[in-house]
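The primary structure of each chain is shown beneath.
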Amino acid sequence: MSLSDLRRRVRITLAALAAAVLVTTGAIAAVATTQNPPSTAQQEQGMTPGAPLAEPAVADADQAELTLDATKARVSVSGKEIWGQVYNGSLVAPTLHLEPGKAATITLHNRLPVATNLHFHGLHTSPEGSSDNPFVCVPPGASYTYRLTIPSDHQQGTFWYHSHAMGTSCPAPSGTGGDGHTHSMSSAPFTPGDVENQIFAGLSGAMVVGDSRSSLPDSLRDIPVHTIALKDAQVDSAGKIVQGTAGASIDSNAPTVRLVDGQLRPALSMRPGETQLWRLANIGADIFYRLQLDGYTFTVLAEDGNEYPQATGAAELLLPPGKRFDVLVTAPATPTSTWLRTLSYSNGPQGDMYPDTPLMNVDVSGPASSGVPSSVPVGTPLRGASPDLSGAPVAQRRTLALSEDSSGTAFYINGRRFSMDQPTFDLAAKLGTVEEWTILNTSGEDHPFHMHTNAFQVLSVNGAPLAAPRRQDTVVIPHAVNGTPGKVVIRQAFTDYPGNWMFHCHIAAHEDNGMMGYIRVAGA
């Protein structure tokens with residue numbers, strides 16, 4: 001038996017024991033149990049692969065006030081009816097389109113039996129009030145209106161949004177914000193969040209700010225663009241997406257169905273010689289994607305919505321949960337067919353092992369594209385990259401240590417599990433300063449570290465400097481090897497927005513179970 005198999009067996013056993021204790025004390029009525037999901041082939045029965053790629057609907061937030069209805073619903077996945085939790089009736093939610101310099105008003109109606117909320121992942125906007133505030137809690141049957149102000153100089157690219165529910169019920173509010181809504185901050189002891197269940201059931205969607213084609217040469221400004229949202233679903237024998245319960249947790253290493261825009265192995269069409277912009281986004285809860293387009297390379301323009309200093313070639317791209325890339329793909333001059341796939345990948349001896357899986361067929365056919373340059377050469381300067389922070393004066397250095405217990409049921413930052421009323425650091429960050437953080441990983445699995453509100457610059461990974469400066473909001477912290485922690489050094493500029501800036505591992509099960517914190521940011 002492998003270490004990861006033993007860890008999962010211990011985790012499920014401990015969860016069942018905890019549920020049994022609750023039963024004896026009358027806290028719950030029965031022990032909820034889940035079986036291992038069927039094989040991937042069995043889960044795919046009733047689904048028809050190969051349909052043309054059908055992207056999610058686009059909702060322009062600068063044109064009208066938007067509404068998101070979160071509800072339990074039966075949806076069709078490539079012809080098979082399954083039960084999940086969705087926004088606006090679709091397993092893949094509408095793609096929100098926001099514009100730099102404009103405001104967006106988005107009302108969330110909670111028609112679920114549990115509390116929920118929204119996080120606008122990667123947006124550089126206020127984390128307070130009715131903006132991108134993860135401490136907002138919307139109880140069942142209630143509604144909440146988010147009001148986002150997008151800076152005029154906001155990076156243009158691919159982002160996403162999802163539930164960030166830090167519990168199945170709302171804690172007693174400690175006060176109201178200036179917008180008149182209650183915001184949940186509680187001194188109660190640690191309780192697990194519900195992010196994994198809600199994202200896994202379907203509560204996530206892509207989000208685009210502006211148009212990353214604006215940095216391309218004029219001749220490429222109107223090339224076709226596709227939003228390729230990646231998420232998986234474990235479908236049980238009753239046709240329901242698997243959920244964690246008091247008796248058993250979701251096993252991220254179990255057989256699953258990997259979907260592209262909610263479809264099973266769809267087909268995308270290209271003309272010979274055509275260049276397209278693909279917005280790649282991992283909007284799932286727990287698992288990684290190691291993307292390869294068989295026989296081709298990606299030309300990367302942006303990572304996590306943040307433009308690179310120059311176009312960069314990549315044979316493969318690693319997308320942990322929450323990661324996005326804006327890439328150019330150029331078809332060959334003659335008709336052919338190939339596959340976008342996720343290659344086999346392990347995120348550490350204490351983590352998961354994912355198999356090689358084809359995701360989307362790319363069919364190159366029809367009349368050749370003409371009159372348009374084939375692509376942007378690697379090394380071409382791009383116009384929207386953020387300033388390099390490697391030479392900036394550092395006002396404060398901090399260390400974060402990510403760890404977990406041997407069973408994989410409790411997760412920590414600096415030896416503590418998440419607390420709503422206790423920031424990770426006693427000393428606040430100050431606006432107008434740059435800080436350097438060293439993030440260590442003492443566990444046996446990789447942890448994708450995500451920072452709310454801000455994109456940061458990675459200086460080094462396990463001591464190796466990055467080849468070129470760039471910003472991102474999610475980075476994989478490598479697992480420990482032979483007792484030596486994985487290590488990533490980042491710098492970030494606190495330019496604006498006082499308040500509580502959250503950070504966490506973006507494997508949703510890990511943040512739910514403690515690997516989350518926040519820093520207070522104060523005025524200069």
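All of the points below concern the structure found in this document. Because the structure is a prediction, the values reported are computed rather than measured.

Counting its secondary structure elements, the protein chain contains four helices and 34 strands. Put simply, the protein chain has 524 residues, and 56% of those count as buried. Carbon and sulfur atoms provide 53% of the accessible area of the protein chain, an area that totals close to 19,600 Å².

With the rule as written, the count across this model stands at twelve aromatic pairs. With 4.8 Å between their ring centres and 70 degrees between their planes, Tyr144 and Tyr146 make a pair best called edge-to-face. When sorted by exposure, Tyr144 lands in the same class as Tyr146, which is buried. Three or more aromatic residues link up through ring pairs in this structure, and these residues are Phe425, Trp437, Phe449, Phe456 and Phe503. The ring of Tyr289 carries Arg258 above its face, with NZ or CZ at 4.4 Å from the centroid. One residue, Arg258, lies across the ring of Tyr354, its end atom 5.3 Å from the ring centre.

Further remarks concern the pattern of salt bridges. For the structure shown, the criterion picks out 16 salt bridges. In this structure, Asp473 engages Arg324 in a salt bridge whose closest nitrogen and oxygen atoms are separated by 2.9 Å. Here the residue Asp473 occupies a position in the loop between strand 30 (471-472) and strand 31 (474-477), and Arg324 occupies one in strand 18 (residues 324-330), the gap between them amounting to 149 residues. Classification of Arg324 by relative accessible area gives buried; the value is 0%. Arg397 is the salt-bridge partner of Glu436, the closest N and O atoms lying 3.5 Å from each other. Here Glu436 is found in strand 26 (residues 433-441), whereas its partner Arg397 is found in strand 23 (residues 396-404), with 39 residues between them in sequence. Its relative accessible area of 54% is what places Arg397 among the exposed residues.

Calculation rules
- Residues numbered from 1 in each chain as written.
- Predicted model: local features only at pLDDT ≥ 70, side-chain atom pairs only at ≥ 80, totals over all residues.
- Heavy atoms only, no water.
- Helix = DSSP H or I, 4+ residues; strand = E, 2+ residues; numbered from the N terminus.
- Buried < 20%, exposed > 50% of the residue type's maximum accessible area, 1.4 Å probe, protein only.
- Areas by Shrake-Rupley, 256 points an atom, 1.4 Å probe, with all protein chains shown as cover.
- Phe/Tyr/Trp six-rings, centres within 6.5 Å; stacked < 30°, edge-to-face > 60°.
- Lys NZ or Arg CZ within 6 Å of the ring centre and 35° of its normal.
- Salt bridge = Lys/Arg side-chain N within 4 Å of Asp/Glu carboxyl O.

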